[in-house]
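A look at the structure
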Amino acid sequence: LCKVYQAPVPTPGGSMRLSASALFAAAAYTPLSWDEAYPQAAKLVAQMTMEEKYSMMSGIGWTNGVLDKWWFVGNLPAVERLGIPSVNMQDAAGGFRTYWDEIIGTVTCWPSLLSMAATWDVNTMHEFSVALGQEFAGKGANTILGPSINVHRVARNGRNFEYLSGEDPFLGGKLAEQYVAGVQSQGVMTVMKHFVFNNQETNRGSEDSVVEDQTAWELYYPPFQAAVDAGVSGTMCSYNQEDGDYSCSNNRRLNEDLKGKMGFRGFVQSDWGATHATSVTSGLDMDMPMVNDPLFQPAALSQVPEKAIDEAVTRTLAAMVRMGVMNSTKCTPPACNDYFVKDVRGNHAAVALQAAKEGVVLLQNEGGVLPIGAGVVSIAVIGSAAVAQAYNPAHGAWDQGDYYSGGGSGHVTASDPVSPLAGLKARAKTAGIQVIESTTDDIYAAQQAAAQADVAIVVAGTTSGESQDRPNLILDNNADQLIAGVATAAKKTVVLTMIPGAVVMPWRARVDAIATLFLGGQETGTAFAAVVFGDHGPTGRLPVMLPETEANTVEPSWDGQVTYSEGMKTSYRNPKFKAAFPFGHGLAYTNFSFSAPAAASCAKGVCVTTTITNTGAAPGVAVPQAYVEFPKEANHPAPLLKGFKKTKVLQPGASEKVTFELGDRELSYWDKDWVKAGSAVVHVGASSKDFRGKVTVTTAEVVVV
């Protein structure tokens, strides 16, 4: 529990008040319905002057590109005479952004959202999101600039670590629902981003993404739709263009698709500096500038029809009313310094550790070298990444990341991260195992250390950041050569990687075991140690495909117009791409069998069941997955993920029946609208390339849903 935070507690009607005796564990806030919130917002708008309305459409707090001290990254001024508080927005992807040194050590450096995607666990996602919301509320923020949910297209995208969807829209949608529900249960508004087709950092401020409708609606829109259905409060439009119009001026994407077909009822705000016109009638409700920007100032807004102004402000106020921030907002910048410096971590190190452990993916384990157990007297821990330090962008490049948190606006500087070496040493000590260290990346020294140990553990990594794409998919500091060199000298070789997305592993056949974390946050070392020593059986699964070579990926384009000519043929959906480790892959310390799947009608539509049995000698968790193969007319390149479950811990010989509920949306494809397939084949298995059984399902006649 954290004594510095007076948690908001619900009052009748869905609003919030502060209780002096309330603690972090206070009852969750339940948002009003949009239908309840809109009339209250409209009454406020009717009482506002035009100047007050305009003030709610343009962010403040920046001076010539520099954030003013003790202001949030995003701010709207309060309208005090009407009881409207300031809107206090903060980044986001890795936790509460440590913009100033005073914040470091007062917030949690969480696993990246891509690491959370690797958990394939809606319960872990929800617990993380609740804790995340608690920290933002405790800091005085009433809005989080997340979730980031773009589906990966470009493997080298510098921001892939931020994106919860990984390479799949269904996975992203299910996890986005939990993010929105968890954070908003703490009375903090969520803002989904980056809408839309912001799939590379190369030329992000000018490139024009051209995407045909089926690809948009089936591959890139679904996580946003899921967040809308979960009640997300805001949407951030992106820097790029779409079909010749800038994202924040794109009537088709904002008004027709987002606010129209998707049914989004919250506000649309720009990314910082992404506004190119006074585009209120095109769907932009709020401009967030970093410099003096006349586009959403009174002189320009006065030329916009008042009805459009009223609609924009109503959307923002409805989100505020719905989320109870009218009564729960704690401070108005710049009088927020006391909140910025408060320690709001509570017991969240334990939550972060559990999330990091759940996200460790065991890729390979030849000969059962892991977990380390009886007979191992010594281990060597090798590589400079084993002692990686946290990076503070306040004293260097703003967009640089480290091996715990990616770079840019989503970066959180960990005050005291547990390095892989520290985590492994602490756990080895309890087992009486000697640790031999070689942390210089010198191959000869590494080989000498490896030759002395029963097991050599090489730690390697790479990172990335906002504003530029990765130059390649290679690990840093010549790690490929280091790993290959160690493998020639070691009795057994284990590789641990800390990565922001896909990498290539040309040495994989030379080593015995590989485990990876997608930038696991402050508890990285402890999480790795828990898996390596078998305290936590590996439960993570890949949210991306790890390719054989970079040729098996979509590369960033330098062209002014970026046409998504591959359509849906990205990641596992491209039959020509060769995977070193496929999407959905992840091993346990045991094996599982799948019974033949069966299908039957159920309340949602069609339910497919299979029984998972632990056929090995150790306890373990399975993550069965369902991929739907649609009829030819759907024009799909491969079966698509439409279901996943995470079993409980199964003891040897134990079984669990798993049910995949397939409703209209899961059994529909896009052809000018959602069309329900008359029949489909459901493949059940352990990854996108490891199907264990299939069953044909027949639905009602083909209908538009």
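For the structure, see preceding data.
Residues numbered from 1 in each chain as written. Predicted model: local features only at pLDDT ≥ 70, side-chain atom pairs only at ≥ 80, totals over all residues. Heavy atoms only, no water.

Counting secondary structure elements, the protein chain contains 17 helices and 32 strands. On C-alpha atoms alone, the protein chain measures out to a radius of gyration of 25 Å, which is about the 27 Å that the 2.2 N^0.38 rule sets for 705 residues. Judged by the C-alpha coordinates and their principal axes, the protein chain covers about 75 × 60 × 50 Å. Here the protein chain holds 705 residues, and the buried ones make up 65% of them. The long-range share in the protein chain, meaning contacts at least 24 apart out of those at least 6 apart in sequence, stands at 75%. With the model as given, the accessible surface of the protein chain reaches about 23800 Å², and the carbon-plus-sulfur share is 49%. Within the protein chain, one finds 52 positive and 68 negative side-chain charges whose respective centroids are separated by 6 Å. (Helix = DSSP H or I, 4+ residues; strand = E, 2+ residues; numbered from the N terminus. Rg over C-alpha atoms; globule rule 2.2 N^0.38 Å. Buried < 20%, exposed > 50% of the residue type's maximum accessible area, 1.4 Å probe, protein only. Contact = heavy atoms within 4.5 Å. Areas by Shrake-Rupley, 256 points an atom, 1.4 Å probe, with all protein chains shown as cover. Lys, Arg positive; Asp, Glu negative; His and termini not counted. Charge placed at Lys NZ, Arg CZ, Asp CG, Glu CD.)

Right, let's get into the pairing of strand 24 (residues 598-601). Sheet topology note: the strand 24/strand 25 (residues 606-614) ladder contains four bridges and is antiparallel. In the sheet register, S601 faces strand 25, and the bridge partner there is V606. Between strand 24 and strand 25, which follow one another and run antiparallel, lie four residues, and G605 among them has a positive phi close to 155°. (Pairing = 2+ DSSP bridges.)

Here we take up the packing of helix 1 (residues 34-47) against helix 10 (residues 306-322). Their axes nearest at 8 Å, the elements helix 1 and helix 10 cross at an angle of 125°. By the angle between their directions, the pair helix 1 and helix 10 is classed as oblique. Considering the relative orientation of helix 1 and helix 10, their crossing is right-handed. Listed contacts from helix 10 to W34, A37, Y38, Q40, A41, A42, L44 and V45 of helix 1 are D310, V313, T314, R315, L317, A318, A319, V321 and R322. (Axes fitted to C-alpha atoms, helices over the stretch in contact; angles between N-to-C directions. Parallel < 35°, antiparallel > 145°, perpendicular 65-115°, else oblique. Left-handed = near helix turned anticlockwise from the far one by under 90°.)

Attention shifts here to the sheet that holds strand 13 (residues 267-270). Note on sheets: strands pair through backbone hydrogen bonds, and any given pair is parallel or antiparallel. If you walk across this open sheet you meet the six strands as 5-6-7-8-10-13, and the pairing is mixed. One side of each edge strand has no neighbouring strand; the edge strands of this open sheet are strand 5 (74-76) and strand 13. With two bridges joining them, strand 6 (residues 87-90) and strand 7 (residues 143-144) adopt parallel strand pairing. Bridge pairing links M89 to T143 in strand 7.

Attention now moves to the nonpolar core. In this structure, I84 and L317 are the most contacted members of the largest nonpolar core, which totals 160 residues. Looking at this core element by element, the count peaks at nine residues for helix 10. Residues within four places of L317 in sequence aside, it is in contact with A41, L44, V45, M48, M56, I84 and M326. Judged by nonpolar contacts, the second largest core, of 35 residues, contains I372, V381, A388 and I457. (Core = buried A, V, L, I, M, F, W, Y, C linked by side-chain atoms within 4.5 Å.)

Considering all chains together, one arrives at 26 salt bridges under this definition. One salt bridge in this structure joins E566 and R153, with 2.6 Å as the shortest N-O distance. Of this pair, E566 sits in the loop between strand 21 (561-563) and strand 22 (579-581) while R153 is found in the loop between strand 7 and helix 5 (169-184), placing the two residues 413 residues apart along the sequence. An identical accessibility class is assigned to E566 and R153; each is buried. (Salt bridge = Lys/Arg side-chain N within 4 Å of Asp/Glu carboxyl O.)

Looking now at the packing of helix 4 (residues 122-138) against helix 5. Close contact between helix 4 and helix 5 brings their axes to 7 Å; oriented N to C, the two are set at 35°. Here helix 4 and helix 5 pass one another in a crossing that is right-handed. Each of V122, M125, H126, F128, S129, V130, L132 and G133 in helix 4 lies in contact with helix 5, whose residues at this interface are K174, L175, Q178, Y179, A181, G182 and V183. Taken together, the residues of the contact of helix 4 with helix 5 sort by class into nine nonpolar, five polar and one charged. (Nonpolar A, V, L, I, M, F, W, Y, C, P; charged D, E, K, R; others polar.)

By themselves these figures say nothing about function.
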